[in-house]
Amino acid sequence: MVSKDNFRQVVPYVPGEQPKENDVIKLNTNENPYPPSQGVMETLSHIDNASFRKYPDPDVSDLVSEIADYHNVNKEKVFVGVGSDDVLAMCFLTFFNSGRQVLFPDITYAFYKVWADLFKINYREVPLDEDFNIVPSDYLAENGGIVFPNPNAPTGLVMPLDRVEEIISNNPNNVVIVDEAYIDFGGESALSLVDRYSNLIVTRTFSKSRSMAGMRIGYCMGNEKLISVLNSVKFSYNSYTMSEVAIKTGVASVKDDSYFQRIVGKITETREKTKEALTDLGFTFPDSSANFIFAKHNRIDAEQLFNALKENKIFVRHFDLPRIKDYLRITIGTENEMKALLDFLKKYIENN
Ligand code: PMP
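Please read these numbers as outputs of a predicted model, since none were measured by experiment.

*Asks:* Explanation requested: the site of the ligand in the structure shown.
*Replies:* Neighbouring the ligand are Gly83, Ser84, Asp85, Leu88, Tyr109, Asp179, Ala181, Tyr182, Thr205, Ser207, Lys208 and Arg216. Measuring from a nitrogen atom of the ligand, one finds a side-chain N or O atom of Asp179 at 2.6 Å. Taking Thr205, its side chain carries an N or O atom lying 2.5 Å from an oxygen atom of the ligand. Look at the ligand: alone it shows 400 Å² of surface, and the protein chains cover 92% of it. Among the elements that take part in the shell around the ligand, helix H4 (residues 83-95) stands out by supplying four residues, more than any other. Residue composition of the shell around the ligand, by class: four nonpolar, four polar and four charged.

*Asks:* In this structure, what is going on with the pattern of salt bridges? I would like to understand it.
*Replies:* Side-chain pairing between opposite charges can occur once the charged atoms of the two side chains come close. Overall, the coordinates contain 18 salt bridges when judged by the stated rule. Between Glu66 and Lys255 there is a salt bridge whose closest N-O contact spans 3.1 Å. Separated by 189 residues along the polypeptide, Glu66 in helix H3 (residues 61-71) and Lys255 in helix H8 (residues 244-255) bring together distant segments of the chain. One salt bridge connects Asp106 with Arg323, and the closest N-O pair in it is separated by 2.9 Å. Here Asp106 is found in the loop between strand S3 (102-105) and helix H5 (111-118), whereas its partner Arg323 is found in the loop between strand S12 (317-318) and strand S13 (328-331), with 217 residues between them in sequence. Judged by relative accessible area, which is 26%, Asp106 ranks as partly exposed.

*Asks:* Teacher, can you tell me more about unusual backbone geometry here?
*Replies:* Peptide bonds are, in most cases, trans, and in most cases residues other than glycine have a negative phi. Of note, the amide linkage connecting Asn150 to Pro151 takes the cis form, showing an omega dihedral of -5°. Counting through the fold element by element, Pro151 comes out in the loop between strand S5 (146-149) and helix H6 (161-169). The linkage connecting Ala153 with the following residue, Pro154, adopts the cis geometry, with an omega of 5°. Considering the arrangement of structural elements, one finds Pro154 in the loop between S5 and H6. You will see that Asn30, though not glycine, has its phi angle at about 55°, which is positive. Take Asn30: it is sitting in the loop between strand S1 (25-26) and helix H1 (38-45). For Asn30, a relative accessible area of 0% gives the class buried. Although it is not a glycine, Phe132 adopts a positive phi angle of roughly 70°.

*Asks:* Looking at this structure, how should I read the pairing of strand S10 (residues 292-297)?
*Replies:* As a general feature of sheets, a regular strand has side chains that alternate between the two faces. Where burial is concerned, most of S10 is hidden: five out of the six residues are buried. Pairing analysis gives four bridges linking S10 to S13, with the strands arranged antiparallel. The residue of S13 that forms the bridge with Phe294 is Arg329.

*Asks:* What exactly am I supposed to notice about the sheet that holds strand S9 (residues 283-284) here?
*Replies:* The strands that make up a sheet are held in pairs by hydrogen bonds between backbone atoms, and each pair lies either parallel or antiparallel. Ordered in space as S9-S10-S13-S12, the four strands form an open sheet in which the pairing is antiparallel. Unpaired on one side and paired on the other, S9 and S12 mark the two borders of the sheet. Relative to S10, S9 is paired through two bridges, and the arrangement is antiparallel. Bridge pairing links Phe283 to His297 in S10. This element, helix H9 (residues 257-280), spans S9, S10 and S13 of the sheet and lies at about 0° to S10.

*Asks:* Explain the side chain of Thr155 here, please?
*Replies:* Within the secondary structure, Thr155 sits in the loop between S5 and H6. Taking the relative accessible area as the measure of exposure, Thr155 reaches 0% and is therefore buried. Engagement of the side chain of Thr155 in a polar contact is seen with the backbone nitrogen of Leu157, the distance being 3.2 Å. Excluding its chain neighbours within four sequence positions, the residues that come into contact with Thr155 are Ile107, Leu128, Phe132, Pro286, Phe292 and Phe294.

*Asks:* So what exactly am I meant to see when it comes to the environment of Ser37 here?
*Replies:* Tracing the backbone shows Ser37 in the loop between S1 and H1. The exposure class of Ser37 is buried, given its relative accessible area of 4%. As a C-alpha pair, Ser37 and Thr268 span 231 residues in sequence and 18 Å in three-dimensional space.

So, how was this worked out
- Residues numbered from 1 in each chain as written.
- Predicted model: local features only at pLDDT ≥ 70, side-chain atom pairs only at ≥ 80, totals over all residues.
- Heavy atoms only, no water.
- Near = heavy atom within 4 Å.
- Polar contact = N/O pair within 3.5 Å; in protein donor to acceptor, adjacent residues only side chain to side chain.
- Areas by Shrake-Rupley, 256 points an atom, 1.4 Å probe, with all protein chains shown as cover.
- Helix = DSSP H or I, 4+ residues; strand = E, 2+ residues; numbered from the N terminus.
- Nonpolar A, V, L, I, M, F, W, Y, C, P; charged D, E, K, R; others polar.
- Salt bridge = Lys/Arg side-chain N within 4 Å of Asp/Glu carboxyl O.
- Buried < 20%, exposed > 50% of the residue type's maximum accessible area, 1.4 Å probe, protein only.
- Pairing = 2+ DSSP bridges.
- Contact = heavy atoms within 4.5 Å.
- Axes fitted to C-alpha atoms, helices over the stretch in contact; angles between N-to-C directions.

Following this line, the structure appears as structure tokens:
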């Protein structure tokens with residue numbers, strides 16, 4: 001029997017459920033309900049056997065160049081990985097080594113805590129204010145780095161860029177990671193600050209706004225020095241993180257900007273309509289700038305509603321955590337999916 005002291009003890013992150021059936025309305029993991037662009041599907045259909053036989057390009061240069069051009073930064077400022085989870089984990093491993101506490105909000109992406117534990121990083125969760133806002137002055141204390149999403153998850157609240165900058169500018173000796181998984185749906189990106197602040201990393205994903213969660217593509221941008229250290233760590237761990245299929249289809253996605261803009265526009269439009277409808281039904285929520293709404297009903301218990309929805313094949317997310325147990329996180333789906341959700345909620349609320 002292998003002794004337990006050989007094992008790394010961890011409490012893993014629990015991802016949202018991925019039901020096997022297709023006839024469910026899946027509003028629980030902030031995926032995009034629309035297909036990726038036509039160009040992505042065409043590229044996929046032309047992928048030849050060499051992409052399978054051969055190892056992929058370890059530098060992922062085609063995708064790095066495409067992303068760099070798209071954001072108008074030089075390619076030494078771009079790092080790519082297997083979803084932004086991979087990029088963020090690599091950043092934790094690379095930048096949070098001082099032994100000082102890394103700071104992140106108490107209500108935020110649950111994976112931060114998991115990576116910190118996995119990599120034995122000391123951390124402190126900084127409480128959001130009572131309206132779920134991040135308070136920049138709370139991030140002035142001594143620390144070994146900072147990470148937060150903007151818009152934050154699961155609240156959906158975006159922080160104006162001047163407040164984000166306040167956090168970055170007050171921590172010149174530590175890396176500040178702004179996780180922009182949802183920024184395409186609202187808010188001002190910190191990307192414009194990358195040239196001015198050598199301590200800033202901005203992470204992005206193809207999983208939400210680009211409808212490519214299944215392909216696992218994420219990236220980050222930052223000062224050349226930070227990106228080069230990040231690459232050294234990556235090449236000390238696994239040279240071939242991204243599959244050739246992901247690289248090629250990722251390039252195709254970035255090329256089709258008009259489709260991307262159209263889909264993001266549709267989702268934000270549906271989000272705004274959904275906000276009105278939820279308000280009419282007695283829900284309140286922080287004003288989301290993401291592709292989900294974090295809503296609480298004035299009378300009905302969230303867990304009860306979560307279960308009733310699930311029984312009716314509508315999946316949303318509920319977190320059984322002290323400050324947020326009264327809320328459900330509802331991903332914005334298609335117009336039809338949101339109609340089905342709202343019809344169900346209306347009936348349920350009338351009858352309970
Ligand atoms: N950051 C935040 C805030 C997220 O909600 C998610 C999605 N779970 C991610 C990062 C990771 O997304 P992905 O690995 O699909 O890029």
